[in-house]
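# Tertiary structure, described
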Amino acid sequence: MWHRQDVREEGSAVARTTRVLGLALGLAGIAFIGIEYAVVSEQMLRNPLWWLIPAVIVVPGMYCAMIVAALRGSARAVRALCGWFPVAYLPVVATIPVAFEYRGLAPIDSPWPLLVGSGTIITTSFVLPMRFIVVLATVYAGMHGIAIAWTQFDVTWSWAIRDGVSIAMIGVIFAGVVRSVERNAHLIDQEIDTLRNATMQRARAAAIGQERERVDALIHDTTVSTFVAVNSRAPLAALQESARQSLATLDRLTHEDDSDSYVDAQELTARLRQVVTDISDDISTEIHAEAEASTYPIEVARMLQEVIAEAARNSMRHAGGNARRELRITVLPDSVHVVFSDNGVGFVPDDIPPRRLGIRVGMLGRVAHIPGARITIDSAPGTGTTVSLRWHRHD
């Protein structure tokens, strides 16, 4: 069952393993036939055309199709071919006595479709459990033995059956290897999913913590200022206005619905500046805002916060102690552009392994969920790193 589930995502370890194994199996099948090209060609000239055409479509044709499917990056297609191949191949083997002369081949020459007998059993490992593979191998061993006894000159039945059993056993052994490799790939996918979920939970906890800090800051800036004004015996009108603003702020926080919430340019820039300040006081900040009356979705603000926080943490860990770091924020009525950069040691973005989820999940994954957002990461060894985030409002 896990085969079908994991192949739905072509980027999974199971899907990548399927494509690699499918390519190797397809190349091996073509190679076995190619090595015996002279013998195969001679036998084909003596096969009846009505049998030869479908046999060629099935045997070399299926392996060629498997190569194409693997190279085109479709694990689903590779599995589909592996499921249909035995269904089409076994009738070819069963009709060999009809297509070949009785005892017309030398003892060292097998009917050409049998050259890929073990490969046929191996293909079933992509779609069948081992108990069914063993049953299929048993059936094939008998059919192989009958074909050998019919076509090869001066071959005993015992020898023909032993040959069929040997080929079937080779197929079963390699089928077990394929199943083991794919099972390990499945475990890798499960581990990646576990790590991804843990990372998202940590990100959510961090976002909640930042939101609490924002609420604390708003309360401090409004409610506490009102108490200070009272203690300082400010004019009554000023006290009333301060109290009204404080109540409005508390009421907004109480009834705030995150799904429909918006922040203005001032709060957006304050959030981003607070994110880097919490990580290090040495990160310089440059702000350019031309959108005093504009508002921005809360999920955009949080995405920018989380990605910039991840970029800043990565910089603190990996850029080096002497690196200079800078945050540049540009806020326009319909767009936001945020750039975090350092002049540290740098890295090669394409070389980040899948198990390192900071960039793949913590940054790229978050941006992918926000309409109108995109991210670029420019870095190279010795040149520092620049993370550029852009968001454009969609109508």
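Each remark here, short or long, concerns the structure printed above.
Residues numbered from 1 in each chain as written. Predicted model: local features only at pLDDT ≥ 70, side-chain atom pairs only at ≥ 80, totals over all residues. Heavy atoms only, no water.

Turning to a nonpolar patch on the surface, a few remarks are in order. A contiguous nonpolar patch, built from Ile-146, Trp-157, Ile-161, Val-165 and Met-169 and spanning about 470 Å² of accessible area, is present on the exposed surface. Here the nonpolar patch gets 4 residues from one element, more than from any other, and that element is helix H9 (residues 157-231). Residue position: Val-165 is located in helix H9. (Patch = residues over 30% accessible without salt bridge, like charges linked within 9 Å, V, L, I, M, F, W, Y side chains within 5 Å. Areas by Shrake-Rupley, 256 points an atom, 1.4 Å probe, with all protein chains shown as cover. Salt bridge = Lys/Arg side-chain N within 4 Å of Asp/Glu carboxyl O. Helix = DSSP H or I, 4+ residues; strand = E, 2+ residues; numbered from the N terminus.)

Looking now at the packing of helix H2 (residues 13-35) against helix H5 (residues 75-94). When two helices pack together, their arrangement is given by the angle between the helix axes and by the axis-to-axis distance. One way to put it is that H2 packs onto H5 with a least axis distance of 8 Å and a crossing angle of 55 degrees. Looking at the two axes, H2 sits oblique to H5. As H2 runs across H5, the sense of the crossing is left-handed. Facing H2, whose interface residues are Val-14, Ala-15, Thr-18, Arg-19 and Gly-22, H5 presents Ala-75, Val-78 and Arg-79. (Axes fitted to C-alpha atoms, helices over the stretch in contact; angles between N-to-C directions. Parallel < 35°, antiparallel > 145°, perpendicular 65-115°, else oblique. Left-handed = near helix turned anticlockwise from the far one by under 90°. Contact = heavy atoms within 4.5 Å.)

Let us now look at the nonpolar core. Membership of the largest hydrophobic core comes to 46 residues, with the highest contact counts inside it found for Trp-51, Tyr-89, Trp-112 and Leu-114. Looking at this core, the elements that each hand over two or more residues are H2, helix H4 (49-71), H5, helix H6 (96-99), helix H7 (117-123), helix H8 (130-151) and H9. It is H4 that contributes the most residues to this core, 10 residues altogether. Excluding residues within four positions of it along the chain, Trp-51 makes contact with Val-92, Thr-95, Ile-96, Ala-99, Phe-100, Trp-112 and Pro-113. Counting 34 residues, the second-largest nonpolar core is a separate cluster that includes Ala-265, Tyr-296, Met-303 and Ile-308. (Core = buried A, V, L, I, M, F, W, Y, C linked by side-chain atoms within 4.5 Å. Buried < 20%, exposed > 50% of the residue type's maximum accessible area, 1.4 Å probe, protein only.)

Taking 1.5 Å of rise per residue, 23 residues should cover 33 Å, and H4 covers 31 Å from first to last C-alpha, within 8% of that figure. At Gly-61, H4 shows its maximal kink, close to 40 degrees. Buried positions along H4 lie against H2, helix H3 (37-46), H5, H6 and H7. Of the residues trailing H4, Gly-73 is marked for its positive phi of about 80 degrees. (Expected span 1.5 Å × (residues − 1). Bend = angle between axes of the 7 residues up to and from the residue.)

A few words now on the sheet that holds strand E4 (residues 325-332). Across the sheet, 5 strands lie side by side as E2-E4-E5-E7-E6; this open sheet has mixed pairing. One side of each edge strand has no neighbouring strand; the edge strands of this open sheet are strand E2 (284-289) and strand E6 (373-379). Looking at each pair of strands side by side, their axes are set apart by 10 degrees on average, direction ignored. Note: E2 against E4, 6 bridges, orientation parallel. Following the sheet pairing, Ile-287 is matched in E4 by Ile-329. The sheet contacts of helix H11 (residues 265-279) involve E2, E4 and strand E5 (335-342), and relative to E4 the element is tilted by about 170 degrees. Contacting E4, E5, E6 and strand E7 (385-392), helix H12 (residues 298-318) runs over the sheet at an angle of about 10 degrees to E5. (Pairing = 2+ DSSP bridges.)

To continue, consider the pairing of E4. The two faces of E4 differ: Arg-325, Leu-327, Ile-329 and Val-331 on one face are buried, but Glu-326, Arg-328, Thr-330 and Leu-332 on the other face are not. Relative to E5, E4 runs antiparallel, the two sharing 8 bridges. The partner of Val-331 across the bridge, within E5, is Val-336. As consecutive antiparallel partners, E4 and E5 are separated by 2 residues.

To continue, consider unusual backbone geometry. At Arg-103, a position not held by glycine, the phi torsion is positive, near 55 degrees. Among the structural elements, Arg-103 can be located in the loop between H6 and H7. At Asp-154, a position not held by glycine, the phi torsion is positive, near 55 degrees. Following the sequence through the fold, Asp-154 ends up in the loop between H8 and H9.

With that out of the way, let us pick up the layout of surface pockets. Here the second largest pocket defines a volume of roughly 570 Å³. Here the lining of the second largest pocket is composed, by residue class, of 21 nonpolar, 7 polar and 2 charged. (1 Å grid on protein atoms, 1.4 Å probe; cavity = no way out; pocket = protein on both sides within 12 Å on 5 of 7 lines; lining within 4 Å. Points joined across faces, edges and corners; volume = space filled by probe spheres on them. Nonpolar A, V, L, I, M, F, W, Y, C, P; charged D, E, K, R; others polar.)

Geometry only, nothing functional implied.
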